[in-house]
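# Summary of the model geometry
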There are 2 protein chains.
Amino acid sequence: MERSGRCYHQFCGLARALDRVGERWTLLMVRELLLGPRRYKDFMAALPGLTSNLLAKRLKQLEADGILERVALEDGSGEAYALSELGAALEPVVMELGRWGSQFLTAPGPDDHVDPGPAMVSMKRRYKGGAALRVQLEVDGRPFVLGLEEDYLRVEGRRTDVADLRLRTSFAGLRKWWFMGARARDLIAAGELELEGERRDLRSFVRAFERLA
Amino acid sequence: MERSGRCYHQFCGLARALDRVGERWTLLMVRELLLGPRRYKDFMAALPGLTSNLLAKRLKQLEADGILERVALEDGSGEAYALSELGAALEPVVMELGRWGSQFLTAPGPDDHVDPGPAMVSMKRRYKGGAALRVQLEVDGRPFVLGLEEDYLRVEGRRTDVADLRLRTSFAGLRKWWFMGARARDLIAAGELELEGERRDLRSFVRAFERLA
DNA sequence: CGGCATCCGTCATGATACTG
DNA sequence: CAGTATCATGACGGATGCCG
């Protein structure tokens, strides 16, 4: 394959990988796509600082490299981008980098853009399995579908009508629970977490994230 | 911490990681350091295209970030750079990227720089354990010490006097065995692999790399 | 010669505006 | 909304110089 940009020209798997996904913004775009098909504006919203021209260029290159593909949205509202099989195989890469970088996640810096997407990815990474539950989680109005399966957490950044449990919170609330270990019941009592569904399902949900990878 | 260069400014582990090791050449430098302490000239030799000024800059930044540290060489021949604990924790990142990128490693391209270092890293990654052997491997004159342990392969890019087995080959020979599945005995018969030590140890060595991760 | 620093040209990226 | 076009800037590649 003829690579477009500059390459490392080394007979090395790492170099070959970086030739394809080593440029600025690329892996963050892949991270976004781990939450399901994403549209142009979704990238623009999730990746502040990424400019339109560069996004278009990256999308084109990633499509040419077979890492993502254009797909029609289920609801018929135009096109979007989704990971191909090759691109989906980047999940362990994103996860390991995220795991390593998480040690620098103390508090959001003053200039930091906060977004629930990365937190969802970290939940996906740390989920140890053992539950079976479908949860609709809404963070600051952004919907996510969490599919807790036997040994895998499926996360999709979309809205659904079918869910055992519906949770609504803010990023601050999510952060208190996920990053800082606050108890869900305390957040509910403080009005920072709204619950719709059975307490039994909430307990299953909370328990599934008590012992983490 | 005040990061020097430009950052993504996202509250996200992946972004935090890429802020530190996402720039050009950085992860390739980490890969080199997985083979033990490395000196300035070692980087220059292993990373063609990386210029002296940029190498100095990267080394300084990585040291400031606590990813590597200056160490005195055992043989007293000056200073070198080694991974700190924080930097060593990048091994899974390098491995997952290498694993993903390995699918693009068919044959070395015409412009490709070939180097046994990355192949050693890939051996480290794919080693499944179960052996106990100390091997001195020399590829095109470059020495490596392979420490096959119960569940870990230690690889160091240096020479040693203590080894159960000594192997000498060329990169072409290494590639035939490691990447293309040629049998060691055939390489020996063809004069592409020189052996010093007991055949029993060679069998252990070969067998340890027959079932791979 | 190893270990850098400096200068300069080029290209990748960032900022902004514009278009279908 | 989904890009394209244009321009400015800074990162990077290449050459060279300095110093022990």
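Since the model is a prediction, treat every value here as computed from it, not as a measurement. (Residues numbered from 1 in each chain as written. Chains lettered and ligands numbered in written order. Predicted model: local features only at pLDDT ≥ 70, side-chain atom pairs only at ≥ 80, totals over all residues. Heavy atoms only, no water.)

Near DNA strand D lie 19 residues; those nearest to it are S52 and Y81 of chain A together with R24, N53 and L54 of chain B. Taking all atoms of DNA strand D within 4 Å of the protein, the share assigned to sugar and phosphate is 69%. In the environment of DNA strand D, a phosphate oxygen lies 3.2 Å from a nitrogen or oxygen atom belonging to the side chain of W25 of chain B. Interatomic distance of 3.0 Å between a side-chain N/O atom of R58 of chain B and a phosphate oxygen of DNA strand D. Of all elements in the fold, only α3 (40-46) and α4 (52-64) of chain A together with α4 (52-64) of chain B reach the threshold of two or more residues within the surface near DNA strand D. Among the elements that make up the surface near DNA strand D, the one with the highest residue count is α4 of chain A (four residues). When grouped by side-chain class, the residues that make up the surface near DNA strand D number five nonpolar, five polar and nine charged. (Near = heavy atom within 4 Å. Polar contact = N/O pair within 3.5 Å; in protein donor to acceptor, adjacent residues only side chain to side chain. Helix = DSSP H or I, 4+ residues; strand = E, 2+ residues; numbered from the N terminus. Nonpolar A, V, L, I, M, F, W, Y, C, P; charged D, E, K, R; others polar.)

Glancing now at unusual backbone geometry. All names here are of chain A. If you check the backbone angles, H9 has positive phi at about 55° while not being a glycine. Looking at where H9 falls in the secondary structure, it is placed in the segment before α1 (13-21). We classify H9 as partly exposed; its relative accessible area is 35%. For W25, which is not glycine, the phi dihedral falls at a positive 80°. (Buried < 20%, exposed > 50% of the residue type's maximum accessible area, 1.4 Å probe, protein only.)

On to the sheet that holds strand β6 (residues 165-169) of chain A. All names here are of chain A. Ordered in space as β5-β4-β3-β6-β7, the five strands form an open sheet in which the pairing is mixed. Here the strands that pair on one side only, and so sit at the sheet edges, are β5 (153-156) and β7 (193-197). Each strand of the sheet is rotated relative to its neighbour by a mean of 20°, with strand direction disregarded. Two strands pair when backbone bridges link them, and strand β3 (residues 133-139) and strand β4 (residues 142-148) are joined in this way by seven bridges, in the antiparallel orientation. (Pairing = 2+ DSSP bridges. Axes fitted to C-alpha atoms, helices over the stretch in contact; angles between N-to-C directions.)

Around DNA strand C, 17 residues are found, and the nearest of them are R24 and N53 of chain A together with Y40, S52 and Y81 of chain B. For DNA strand C, the backbone portion of the atoms within 4 Å of the protein, that is sugar and phosphate, comes to 70%. K41 of chain B has a polar backbone atom sitting 3.0 Å from a phosphate oxygen of DNA strand C. Within the side chain of S52 of chain B, a nitrogen or oxygen atom sits 3.2 Å from a base nitrogen of DNA strand C. Mapped by element, the contributors of at least two residues to the surface near DNA strand C are α4 of chain A together with α3 (40-46) and α4 of chain B. A per-element tally of the surface near DNA strand C places α4 of chain B first, with four residues. Residues of the surface near DNA strand C, tallied by class, amount to five nonpolar, four polar and eight charged.

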